[in-house]
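# Close look at the chain arrangement
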Amino acid sequence: MKRKGAGLRGVSKRRLTESKAVHVLGEHGVRVSENAITICHDASTVVKSFSVEMIDSSKREAFFVSFQDFLEDENGFRITMLPMEREDSGSNFTNDSLIRVLLRVQPLIKPLIEALLERLPLMTERSECNMAALIVSQLRWMLDVPGELVITKLTEVMPVCSFPIQREVISGLPEVLPDEFHDEVGSFLLDQLQSTLELVPVILEAFSELTLSKKMMDEVYATVVDHLASLTADSVPSALRFLLSTCEPEQAIASIRENINFQSLQALDDGASSEDLALECIEQMLRFHSNIQKAWLNHINKSLTLSVFDVLVLFAIYRVSTRPKAALAVLKCHVREGHLNNTLLKEVYEVHGDTVSRYNKEVLIVAHHLMMSFTELDIPRNIYRYLFSLGDIHMKQQVVGSLISHIGSGASREVDSAITALNLLTDSNQLQRFGPLLNSLIDYINVLTVSQSREVLLLLVSVAVSPDDRMITDIHIVVRKYLSHSDTRLNKLGVVGAIALLQVMNTENGDFEKFVDKVLSCISHSTNLLGLFYDELASNIILDLLPVGASDVLFKKFVVVLEGRYIGEEPEEQSGSNKVDLMCLEGQETLGENPYICYNTWDLVEKGEWETLRLQWPLQKLVLAACATTQDTELKEVDSLLGCYLRAVPLDQITEVKNGTVGLLAIINIIIEVINGFSRVTTVSMRKKLVERISNLTMLLDILSSALRPSNALLAVFDGDVVAKRKKLLKEGTNSKLSESQKDTANDESNATTTNIKSSISTDVTVAKEQASYKMILATYKGYIRELDFKVHSVLNWNLPSIGRGSQENPPRLKLHQICFLLEDLLAKCRFKLKPVGVFAKDTSTIGCESVSRVTSTRFVEHVVSLLPVLCHFLDENAYQSDTESFSDTDEMSSTDAQLEMLKGNTSKTNIFELIFSILELILTWPGITGHSPISLHIFDILGTRLEKNTQGPLSVRRKYALQYLLRFYDSCRTLSSIVALLRCCEGVRGEGLTQLGDYANRALQREWEVTPAEKDSKFRWNEAVGYLVGVSIKYSDSNDDDGSSSSDNSSAVVFEDVMEAINHVVDNPKQERRLKLLTRQALPAVYRVVMIRLVEFFRTLPSTRTSSTTSPRARFTKLNTAVALFGQLIGVIRRASSRPLIKSVLVYGQKFMELFLSEGMPLLDEMMAGSDQEEVHTIIKRLQVCTRQLHHISSHSKSNKDLALTARVPLLKKCLETFVLKVKEMLARNNCSEAFWVGNLKQRNLKGEEIRTQEIEEDGDTETETDTRNDETELSDSSEDGEDIEDGDNLKDECDSDAHEEGSMSISY
């Protein structure tokens, strides 16, 4: 109907009130005044009478034209939508307005709605939003709303309406239109959503109130997800709330994690953080919906990656959840897997610091738990650092207090990690204000180890504002107290504290030297304290911790002591002298104007001056370190020490004279300190002498390997923690062939400076025993031999071809046995610093690794990575030599004697591969090598460039090239240990192409390897290597199906079958030739355990019934059936080879298998049971029942043998078996098969399946006979078998070897 012009807006109020529409309304009991409308009758009466009159179209048109004129007036339009007054009640209002009354008149509905909606585009002012809300309110909850008309009209007017008006209209649509029009409303709103992102919040709110069909809801969901990444900041919370409240939690969470982008969110105009709004919305949903909490945790837990958004959500869950431990467990899992790494943590705090600050309280608790669980990782320490740097003053205080509580925990590794974290905080220069709080650390010093006390004191000194600080005064008091104490251990803590105080001493006014003299006067009575003082001074000089000028003062002070006590003039040769020049290098070296010099070490040995002899090594280390600091690397004032004479008896007689081995140890320690001091020389002549000294060292260690054990062995370490463990220093190696008379006993004297050794090693041992004894001796005398500094390994770089190129002089080169010696030391240090250890593992002794313990893991890894080019050079060089000397594969299998001779003559060539690959494995598996870290990229660049390929591509390509390079050396590895080291190293690469490792492992298992002396010495090491190869062949098995598609599940099952066939051959026919030649009866326990582990992992890959939508139930059932069949074969091995290691593996991993079957297998069987696959379900449960019976017999065997370690595993296994019975009973009842379930008795049997009728147990010398114990057994039988019992067989073996169970029946024991 055509609307009149806007000129009527100026019509006077008098004319409006006298219009025809007002007159008609008055006739029906509605009086219109200037400011109000009064109704005289009931609204229903007015509607009825008005409807009769409006039937006439002419009257209706005349009334509506006049009423439109009335609506054109702003005041008239307003009062028509306000509640009308009742004539009989004065100021009381009715619930209805005039518009709502007229909308109940059927002939007026459509024209009136059109008129109302056409007014919307005219409302341009923001103040007119109330009028738009009034218009919508008139249409709300109407009975006969023409939905198509409303939607059509809105489609016309909405594009020209302002955004505030559109919001008011959209918010009221769900209450205006009936349910049958909601899909059409959804389509209209969907178009609005795609065209105008500013209306997203109100549109999504309207969607949540509409009753939409599934198809329409899917379209809405897809549209919201597509626009999630491009939404404005204020629209994201509405989108999150809509998705989480209207969709399945798993589906919504997956879409949110995939599409939300926190980096694109900007702050709102009012300064509010859009990230805070989004997280606040998520917190709201998590707080009141526990199912969303669980779904979100499960989704993040199964994810292989972690984003900033995931971390913030985990913190939010930890805050609002009633079970915060679940969120903490997920966080720990991702930290353990390396997904929550330092790179991600840096992005969380540096990019989203304001957002994460809302969770500071929760993050502090999380950091506390992570510090206790992951003491070797940087993650908890970095969390503390970020909390301290970005938090307020109260948070900083809580961080410091939490770290102090960790230091006082008493757990050694936790203490070390907390001290490291506190050291990170000192970089911010904000710890000074917490001095009184840190001062409480002094109370913990007496319960900490020496190394931990050293770190704490150095920390306190570095935090002190000035030398006059109260903290320094307290440390002075403690140091004086400990130095004067009668306890030797506290004396050592006093020495460490004194070294810490030297850092703040002034060298110009003489305070430094005076304090050194004062400390020396306090400890001069003890060799251990003096040696510790010298060592600590040298270490602080090397780490550049002492003040400027301290090195010069110390060098001038102690070089005189070294010259006076340990350096003498070379005596003239005398006839009949039994001394010869030992290790006189080329040329004669002089010290100043003195004649030719030599060490007088042997004179001290002959005189028995042990205390003086022990101090030579740390004093020499101190002098060389101080000289290197003052004179760079050339050490010109003491360079003669590198080529100094050493007078001793001839080497072939040194082990036969009195105290000869003690003297040999003393000479070895002197040479080690010379190598440490001169390892950074640059001139060719000095390098040649250093290489000669390394050669001397390896030669003397070879002599030591066959020497008599000394009666007086001098400890070369002075750390109190090491001396306290001196009984372990002489512990024998794993060589079982050594007699008991060869084992050492330590004399526990008060001075702790000597140890008595009772027996000697036979001198006429074979070559194999000599090599085994050599390794054993080094381990035995580890505390009596000085440590090689980790920087000494840089001399390996001298063998690079680029070194000395273009020089006239031939540069020195290390020989192969010298390289292996240095690599063995480097490997030991890598294992100490980088090998992961458990939280409750025993403390690792720092003997031989003290220099490494003082540096961070990152710095040590950078040092090892700097050696990577030369390590690759050694691999390439020796691989070439091995290829020229090796046999072909066919010759090698038939020429074992020749191969053995080759191995004996080239021990270093075979060992170098194992050493280098073991070092690389520790580097590649270090937690710091994660993602795109600079160290990781540098490593893969070096390895990839050895193939002469471009390594500037993505990380996956670099890993691929690195793996190709490493696998080139497979044929060059001639020992089993080197093959295992290579495969472990390749696993550390963690790139594409690891599936080929399974083929390499299979090839190794099919070969016959000659046992090297080291492998023969350790049978356990050999067996574990075989087990590892079996595990790799299963883990990385991959093949192609007939159609060319990859099916790792099928190939894994094939490899399992091959391994099981080999195990059965070993158990039944150990002498029969088999395909896997390495799998022997001795290696069976290790192989059995690995196969059980891989079977459990294979079961874990079964897609879950609750979450799997792509894998069919039939495919999952096939995999489940395969796993149960393999489990039955493994359990069956126990009947034929019932050794304790096998039983232990069954108890541990049998329980895990049953737990997985209950959580993943039973839901799948329930799903299959509901279909038409009952017979197959019946079969698989029957097969598993045989396994459960044998597990019961194994449990009884552990109890009857009174094996406490095995018996402790029984309760959990029994619980799983009982749960299995109850689950089967529940499943049958749910599928109307309850009559198939019945209960019987389980007979007591031994491991072979033989029935046990009586059990005789000896106790206190008396034999008592106990009655046969019987466990309840739950039986399932098919109704067609009339409940026939299966236990009527003679023994369990017969039941398992034959079909055992009658058709249609099965039994489950518990």
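Overview of the structure.

Conventions and cut-offs
- Residues numbered from 1 in each chain as written.
- Predicted model: local features only at pLDDT ≥ 70, side-chain atom pairs only at ≥ 80, totals over all residues.
- Heavy atoms only, no water.
- Helix = DSSP H or I, 4+ residues; strand = E, 2+ residues; numbered from the N terminus.
- Buried < 20%, exposed > 50% of the residue type's maximum accessible area, 1.4 Å probe, protein only.
- Contact = heavy atoms within 4.5 Å.
- Areas by Shrake-Rupley, 256 points an atom, 1.4 Å probe, with all protein chains shown as cover.
- Polar contact = N/O pair within 3.5 Å; in protein donor to acceptor, adjacent residues only side chain to side chain.
- Axes fitted to C-alpha atoms, helices over the stretch in contact; angles between N-to-C directions.
- Parallel < 35°, antiparallel > 145°, perpendicular 65-115°, else oblique.
- Left-handed = near helix turned anticlockwise from the far one by under 90°.
- Nonpolar A, V, L, I, M, F, W, Y, C, P; charged D, E, K, R; others polar.
- Core = buried A, V, L, I, M, F, W, Y, C linked by side-chain atoms within 4.5 Å.
- Phe/Tyr/Trp six-rings, centres within 6.5 Å; stacked < 30°, edge-to-face > 60°.
- Lys NZ or Arg CZ within 6 Å of the ring centre and 35° of its normal.
- Expected span 1.5 Å × (residues − 1).

## Points about the overall build of the protein
Along its length, the protein carries 60 helices and 15 strands. Here the protein holds 1310 residues, and 53% of them are scored as buried. Sequence-distant contacts in the protein: of pairs separated by 6 or more residues, those separated by 24 or more amount to 74%. A total accessible area of about 58,600 Å² is found for the protein, and carbon and sulfur atoms account for 48% of it.

## Some thoughts on the side chain of serine 255
You can see serine 255 is positioned in helix H15 (residues 249–259). Residue classification places serine 255 among the buried positions, given a relative accessible area of 10%. A distance of 2.3 Å separates the side chain of serine 255 from the side chain of tyrosine 221, its partner in a polar contact. Those residues in contact with serine 255 that lie beyond four places of it in its chain are Tyr221, Val225 and Leu228.

## A closer look at unusual backbone geometry
Negative phi values dominate among residues other than glycine, just as trans dominates among peptide bonds. The backbone of aspartate 544 shows a phi angle near 60°, a positive value even though the residue is not glycine. Judged by its relative accessible area of 63%, aspartate 544 is exposed. A positive phi angle, near 60°, is found at asparagine 659, a position not held by glycine.

## Here we look at the packing of helix H54 (residues 1084–1100) against helix H55 (residues 1113–1136)
Put simply, H54 and H55 touch, their axes get as near as 10 Å, and they point 160° apart. Taken as axis vectors, H54 and H55 run roughly antiparallel relative to one another. The way H54 lies across H55 gives a crossing that is left-handed. Contact residues: Tyr1088, Val1091, Met1092, Leu1095, Phe1098 and Phe1099 in H54; Lys1119, Leu1120, Thr1122, Ala1123, Leu1126, Phe1127, Leu1130, Ile1131, Val1133 and Ile1134 in H55. Residues of the contact of H54 with H55, tallied by class, amount to 14 nonpolar, one polar and one charged.

## Things to note about the nonpolar core
Residues Phe67, Phe207, Trp296, Phe917 and Leu1029 are the most contacted members of the largest nonpolar core, which totals 412 residues. Aside from chain neighbours lying at most four places away, what touches phenylalanine 917 is Leu875, Leu966, Phe969, Cys973, Ser978, Ala981, Leu982 and Cys985.

## Some remarks on the environment of valine 795
Structurally, valine 795 can be placed in the loop between helix H39 (767–780) and helix H40 (816–834). In contact with valine 795, not counting residues within four places along its chain, are Ser679, Leu690, Ile694, Leu814 and Leu822.

## A look at the environment of threonine 449
Inspection of the secondary structure puts threonine 449 in the loop between helix H26 (435–438) and helix H27 (450–463). Along the chain, threonine 449 and valine 415 lie 34 residues apart, while their C-alpha atoms are 10.0 Å from each other. Polar side-chain contacts of threonine 449 include one of 3.3 Å to the side chain of serine 451.

## Let's talk about the packing of H27 against helix H29 (residues 488–501)
Orientation of H27 relative to H29, taken along the N-to-C sense of each, is 30°, at an axis distance of 9 Å. Here H29 runs roughly parallel to H27, going by the angle between their axes. Note on packing geometry: the crossing formed by H27 with H29 is right-handed. Within the contact between the two elements, H27 uses Val450, Ser453, Arg454, Leu457, Leu458 and Val461 and H29 uses Leu493, Val496, Gly497, Ala500 and Leu501.

## A few points about the packing of aromatic side chains
Considering all chains together, one arrives at 17 aromatic pairs under this definition. For the pair tyrosine 534 and phenylalanine 558, a centre-to-centre distance of 5.4 Å together with 75° between the ring planes defines the contact as edge-to-face. With tyrosine 534 in helix H31 (residues 527–542) and phenylalanine 558 in helix H32 (residues 550–566), the pair connects residues that are 24 residues apart, well separated along the chain. Given the relative accessible area of 2%, phenylalanine 558 is considered buried. Ring geometry for phenylalanine 913 and phenylalanine 969: centres 6.5 Å apart, planes at 45°, overall tilted. You can see phenylalanine 913 sitting in helix H46 (residues 907–924) and its partner phenylalanine 969 sitting in the loop between helix H48 (955–967) and helix H49 (976–989), a full 56 residues away along the chain. Feature note: the residues Phe1099, Phe1127, Phe1153, Phe1157 and Phe1220 constitute an aromatic cluster, connected by ring pairs. The residue whose ring lies beneath arginine 385 is tyrosine 386, and the NZ or CZ to ring-centre distance is 4.7 Å. Over the ring of tyrosine 1028 we find arginine 984, and its NZ or CZ is 4.1 Å from the ring centre.

## Describing helix H28 (residues 470–483)
Taking 1.5 Å per residue as the helical rise, H28 with its 14 residues ought to reach 20 Å, and the 20 Å between its terminal C-alpha atoms agrees with that figure. Turning to H28, its buried residues number three or more, namely Met471, Ile472, Asp474, Ile475, His476, Val478, Val479, Tyr482 and Leu483. Its buried side turned inward, H28 meets H26, H27, H29 and helix H30 (511–523).

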